[in-house]
Amino acid sequence: MSYAPDGQQPYRTEEPRRRPSRVRRWVIAGASVLALSAVASLVMSHYEIPPFTDKGDSVSFGKLPSGSTGGDTGGTAATQPAHSKMAMPTGPAADFKNAMTLSDGTHVAVTTITGKKSGFKGKVWVWAPKEYNDPKFAKSGFPVMIALPGGAGYPNNYWMGTDMGLQTSISKWYSEGKSKPFLLAMPVLNPGPDDKGIYWDASDIPGQPKMDTWLTDDVPDLMRENFRTIKSRDGWAYMGSSTGGFASLKAVLKYPEKFKAAICSGPDIVPDSPLWKGHDKEKAENNPELLAKALIDKKGSPDVYLAFQVGTDESNKNTLPNVQKFVATYGKGPVHTELKIIPGGKHNAKTYVPNMGEGPIQFISKVMEGPVE
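What counts as what
- Residues numbered from 1 in each chain as written.
- Predicted model: local features only at pLDDT ≥ 70, side-chain atom pairs only at ≥ 80, totals over all residues.
- Heavy atoms only, no water.
- Phe/Tyr/Trp six-rings, centres within 6.5 Å; stacked < 30°, edge-to-face > 60°.
- Helix = DSSP H or I, 4+ residues; strand = E, 2+ residues; numbered from the N terminus.
- Buried < 20%, exposed > 50% of the residue type's maximum accessible area, 1.4 Å probe, protein only.
- Pairing = 2+ DSSP bridges.
- Right-handed = clockwise from strand over helix to strand, strands pointing away.
- Lys, Arg positive; Asp, Glu negative; His and termini not counted.
- Salt bridge = Lys/Arg side-chain N within 4 Å of Asp/Glu carboxyl O.
- Polar contact = N/O pair within 3.5 Å; in protein donor to acceptor, adjacent residues only side chain to side chain.
- Contact = heavy atoms within 4.5 Å.
- Expected span 1.5 Å × (residues − 1).
- Axes fitted to C-alpha atoms, helices over the stretch in contact; angles between N-to-C directions.
- Parallel < 35°, antiparallel > 145°, perpendicular 65-115°, else oblique.
- Left-handed = near helix turned anticlockwise from the far one by under 90°.
- Nonpolar A, V, L, I, M, F, W, Y, C, P; charged D, E, K, R; others polar.
- pLDDT = per-residue confidence, 0-100.
- Core = buried A, V, L, I, M, F, W, Y, C linked by side-chain atoms within 4.5 Å.

What follows concerns the packing of aromatic side chains. Within this structure, the stated rule accounts for twelve aromatic pairs. Plain terms: the ring middles of Phe120 and Trp214 are 4.9 Å apart, the flat faces sit at 85 degrees to each other, and that makes the pair edge-to-face. Pair noted here: Phe120 is in the loop between β3 (107–114) and β4 (121–127) and Trp214 is in helix α3 (residues 211–226), with a separation of 94 residues, a long-range link. On the basis of an interplanar angle of 70 degrees and a centroid distance of 5.7 Å, the ring pair of Tyr132 and Phe227 is categorised as edge-to-face.

Moving on, we get to the pairing of strand β5 (residues 144–148). Burial analysis of β5 places five of its five residues in the buried class, which makes it a mostly covered element. In β5, alternate side chains face the same way, and those of Val144, Ile146 and Leu148 on one face and Met145 and Ala147 on the other are all buried. Where β5 lies against strand β6 (residues 183–187), three bridges are found, and the strand directions are parallel. Across the sheet, residue Val144 finds its bridge partner in β6, namely Leu183. For the segment spanning β5, helix α2 (residues 166–175) and β6, crossover handedness is right-handed. Judged from the five bridges that link them, β5 and strand β8 (residues 236–241) form a sheet pairing that is parallel.

Let us now look at the side chain of Lys180. By the secondary structure assignment, Lys180 is in the loop between α2 and β6. Lacking a salt bridge, the buried Lys180 has Glu369 as its closest oppositely charged neighbour, with an N-O distance of 8.1 Å. Here Met368 takes part through its backbone oxygen, which lies 3.4 Å from a polar atom of the side chain of Lys180. Contacts of Lys180, omitting those with residues within four sequence positions, involve Pro143, Ile170, Tyr174, Ser365, Met368, Glu369 and Gly370.

Take helix α7 (residues 319–330) next. Compared with an ideal rise of 1.5 Å per residue, which puts twelve residues at 16 Å, α7 spans 16 Å between its outermost C-alpha atoms and is within 8% of the ideal. Residues of α7 that are buried make contact with α4 (243–254), α6 (288–297), β10 (304–311) and β11 (335–342).

Further remarks concern the packing of α4 against α6. Remark: α4 packs on α6, axes separated minimally by 9 Å, with the N-to-C direction vectors making an angle of 25 degrees. Comparing the axis directions of α4 and α6 gives the class roughly parallel. α4 and α6 meet at a crossing whose hand is left-handed. Together, Phe246, Leu249, Lys250, Leu253 and Lys254 of α4 and Pro288, Leu291, Ala292 and Leu295 of α6 make up the contact between the two elements. Class assignment for the residues of the contact of α4 with α6 results in seven nonpolar, no polar and two charged.

Per-residue confidence for the chain averages 87 on the pLDDT scale, and 81% of its residues sit at or above 70. Note on residues 64–71: pLDDT is under 50 here. Beyond four places in sequence and across chains, it has 19 contacts.

Of all hydrophobic cores here, the largest spans 86 residues; its most connected members are Leu253 and Ile364. In contact with Leu253, not counting residues within four places along its chain, are Pro288, Leu291, Ala292, Leu295, Val304, Leu306, Phe326 and Val335.

Summed over the entire model, instances satisfying the criterion amount to 15 salt bridges. A salt bridge links Asp221 to Lys117, with the nearest nitrogen and oxygen atoms 3.3 Å apart. Pair noted here: Asp221 is in helix α3 and Lys117 is in the loop between β3 and β4, with a separation of 104 residues, a long-range link.

Taken in spatial order, the nine strands line up as β2-β3-β4-β6-β5-β8-β9-β10-β11 in an open sheet, and their pairing is mixed. Only two strands of the sheet have a single neighbouring strand rather than two, namely β2 (97–101) and β11. This sheet shows a mean twist of 20 degrees between the axes of neighbouring strands, independent of strand direction. Note: β2 against β3, four bridges, orientation antiparallel. Paired with Met100 across the bridge in β3 is Val108. Sheet strands in contact with α2 are β3, β4, β5, β6 and β8, and its direction is about 160 degrees off that of β6.

Here's what the structure looks like:
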């Protein structure tokens, strides 16, 4: 503060403003660029714009040993002890591309194959829990769950999306001692959309793509070629909802020597595709009710385990009574069943996935093996 001569008001003087130094200006500019870059990278990552995403990158589930054609480590089938329950991947290794990366660093990857037995060309998404690459389990075979969607199941299998929570739920359930650490195979269910009321009942309908062979031969073969799996049926299961629940139910009842268990959520019970017209014999061969009866009537049949879950508010009001009738009629002898009724549950994955952890996953995990050496 300065003072004016007598009789005048004091006046204020100010220090001249300091100009920002050149270094300070560069610091501010640099910080601004970094902030903008961070925001841009997040946006580009969200919208999967390279190079800020690993989507599409090659994925190998296990390192390739020198000279190996398979997709894993741990030796070859020739070096395995004869008593081993684990099966090394046979190769050739599939060309897996990353579809998404989960928060625990695991990957959902996708490949397109032409089934050697079905001749059908389609996509299969796969996922391995983090335990698969744990050195503790480096020589262990893991159980496989083939997860089938409802609806068209084409061109995508909705279980591959992390929004359904299937992968993270399996990891959580395993950590809680409720579940096996399943490998997941998530193939397309149908060869095309069902927008014209056409679907294939996961079957080899005469004159149509061989979807039964695709789901029960080609997809398991893909897993055997690329992962450490379990030799026996004790390491092979299905799960599915709606039409995928029907496919899971049928697969286990039709091929009990290959698959041991299934979780069937809101399933159809009998085949009803319009493509069956004129093929009554083949239709009967893919009817879970008739398959279950034949299994019960045949002495020495292998035991199968079927965990059903149905909501009380299913869109099809016949779903619950149909499943209850199936369980009451065929849940005996080698056909072991469990039914979880979900109060207020609807016909969707939001209902089915959380409730899988409240009974169904435990039911099948108790009778399955893995990881095993």
